[in-house]
Amino acid sequence: MRLAACLITAALSLQPCCALAQSTAHVWDPARQTRPLPAAFGGYSIVALRDRHEWQPGDERYSVFFDGQRYQFATPRERDIFAAAPLSYAPMLGGDCPVTFAETGERVAGQLDFGILHGQRLVFFTSEEHRQYFLEQPSQFSMADLAISGRCIVSRRMRGKDVAGIPETAALYRGMRYWFASAHDRALFLENPGRFDGSGPGGPETIPEAQVIARADEDPTSRPSPWSLPSEPGKDGQGQGAGERDVLLGSLPAISGYCPVTLRNEGLWVRGRYEHRVELDGLVFLTSGPNERDALRTDPVKYVPALGGDCAVSFVNRGERLRGSVYQAFEYEGRLFLFVDGEQKAAFKANPERYASADWAAGGVCVVTRAEQGREAPGAADQAAWHRGKLYRFAGAEQKQKFLADPEKYAVK
């Protein structure tokens, strides 16, 4: 089967690897790379996410290298917008959780599921608890990525002076913001950041000068600070409480944004488009085109993965709803299953009967027959419907139509 064949090669085609840093934000040419480079933030366009709150998958052809990461975008215009002002779009701390960093000093990657737009900056967290903690007191964490509290590191290291930095001189290095006393000090830092932050010769590690992400040829005082927070039209003042509102990012697309219809019909992993999205019971699926979108709406049972893409093993064994990974995909009886890791996938393959019915409502019994006749009739695989995250099976077409006409009358509570 095409789906089974594509799952065998999916892990190889999607495996990430380490990226190399560059000296400036620049267009990335995959033809010149000796090895594949992973896309930052799941390959979604952070321009579309920040400006339109859309989880739009990017295209490898429209990539920009910045601060050691490869960002990809849906269109050349989005790529150029980012390249022109990368400091305005790069997520806080390079995507690491500011709450974890502020409280422990550890750099831990935030999850795409737990993101917000705060003061026109994308911020990601390790958990919903940390996201809510940030929202309750953002002032405690919103400057967590500002190195040495905004003091000029060049003045401190070269002259022994503790001088306040100027926000307009901002430069980004390894996810941290640096402010400097002058454009000259900024230029000195950009020549060799490891000399100042302790990562150069004699420090904990040597970091090539090329890893500095800033445009040394620009005069930072000639443009507005990328970190200033714009006020809402018609209102004065800046910052929270003066027109700035935190925006919770919408639901992360299921199956990492891959089109379930193309995968099921053609055996191809193709990223969908936000404009062809389908929302089903709180899940957002991106499809590759209008025909695929209509097919998913017409027959979701055929295309929606088990548990909507959550790991069936984690759900059955521990009652946890954990998002499965496209790197750990497996087909069983015509359905796609995603698992959190290889161990969970192996457990499923060893005993599929235990987990394959994880999202069946009423254990696969026809709920219409049960309600109307008081008997347990097994549902048929070809007479099924998707409702509120569960798969309902019915004894026949008549029972299915009754359910679709009034699902709340029969649905499992």
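Residues numbered from 1 in each chain as written. Predicted model: local features only at pLDDT ≥ 70, side-chain atom pairs only at ≥ 80, totals over all residues. Heavy atoms only, no water.

1. A closer look at the overall build of the chain
Part 1 of the reasoning: If you tally the helices and strands in the chain, you get 18 helices and 14 strands.
Part 2 of the reasoning: In the chain, which comprises 413 residues, the share counted as buried stands at 47%.
Part 3 of the reasoning: Relative to all contacts within the chain whose residues are 6 or more apart in sequence, the contacts with residues 24 or more apart total 57%.
Part 4 of the reasoning: Approximately 19600 Å² of the chain is accessible, and the part contributed by carbon and sulfur atoms is 48%. (Helix = DSSP H or I, 4+ residues; strand = E, 2+ residues; numbered from the N terminus. Buried < 20%, exposed > 50% of the residue type's maximum accessible area, 1.4 Å probe, protein only. Contact = heavy atoms within 4.5 Å. Areas by Shrake-Rupley, 256 points an atom, 1.4 Å probe, with all protein chains shown as cover.)

2. Observations regarding the sheet that holds strand E8 (residues 247-248)
Part 1 of the reasoning: The antiparallel open sheet is built from 3 strands, whose spatial order is E5-E4-E8. Among the strands making up the open sheet, the edge pair consists of strand E5 (121-125) and E8.
Part 2 of the reasoning: Pairing of strand E4 (residues 111-118) with E8 involves 2 bridges; the strand directions are antiparallel. Bridging across to E8, Leu-117 finds its partner in Val-247. (Pairing = 2+ DSSP bridges.)

3. Comments concerning empty space enclosed by the protein
Part 1 of the reasoning: Applying the stated criterion across every chain, the model contains 2 cavities of 30 Å³ or more.
Part 2 of the reasoning: Its boundaries defined by the atoms lining it, the largest cavity holds a volume of some 80 Å³.
Part 3 of the reasoning: Secondary structure elements with two or more residues in the lining of the largest cavity: helix H10 (260-266), helix H12 (300-303) and strand E12 (335-339).
Part 4 of the reasoning: Classifying every residue of the lining of the largest cavity gives 8 nonpolar, 1 polar and 3 charged.
Part 5 of the reasoning: Of the voids in this model, the second largest cavity is the one considered here, and its volume is about 30 Å³.
Part 6 of the reasoning: Lining the second largest cavity are Pro-253, Ala-254, Ile-255, Ser-256, Gly-309, Arg-323, Gly-324, Ser-325, Val-326 and Leu-338.
Part 7 of the reasoning: Classifying every residue of the lining of the second largest cavity gives 5 nonpolar, 4 polar and 1 charged. (1 Å grid on protein atoms, 1.4 Å probe; cavity = no way out; pocket = protein on both sides within 12 Å on 5 of 7 lines; lining within 4 Å. Points joined across faces, edges and corners; volume = space filled by probe spheres on them. Nonpolar A, V, L, I, M, F, W, Y, C, P; charged D, E, K, R; others polar.)

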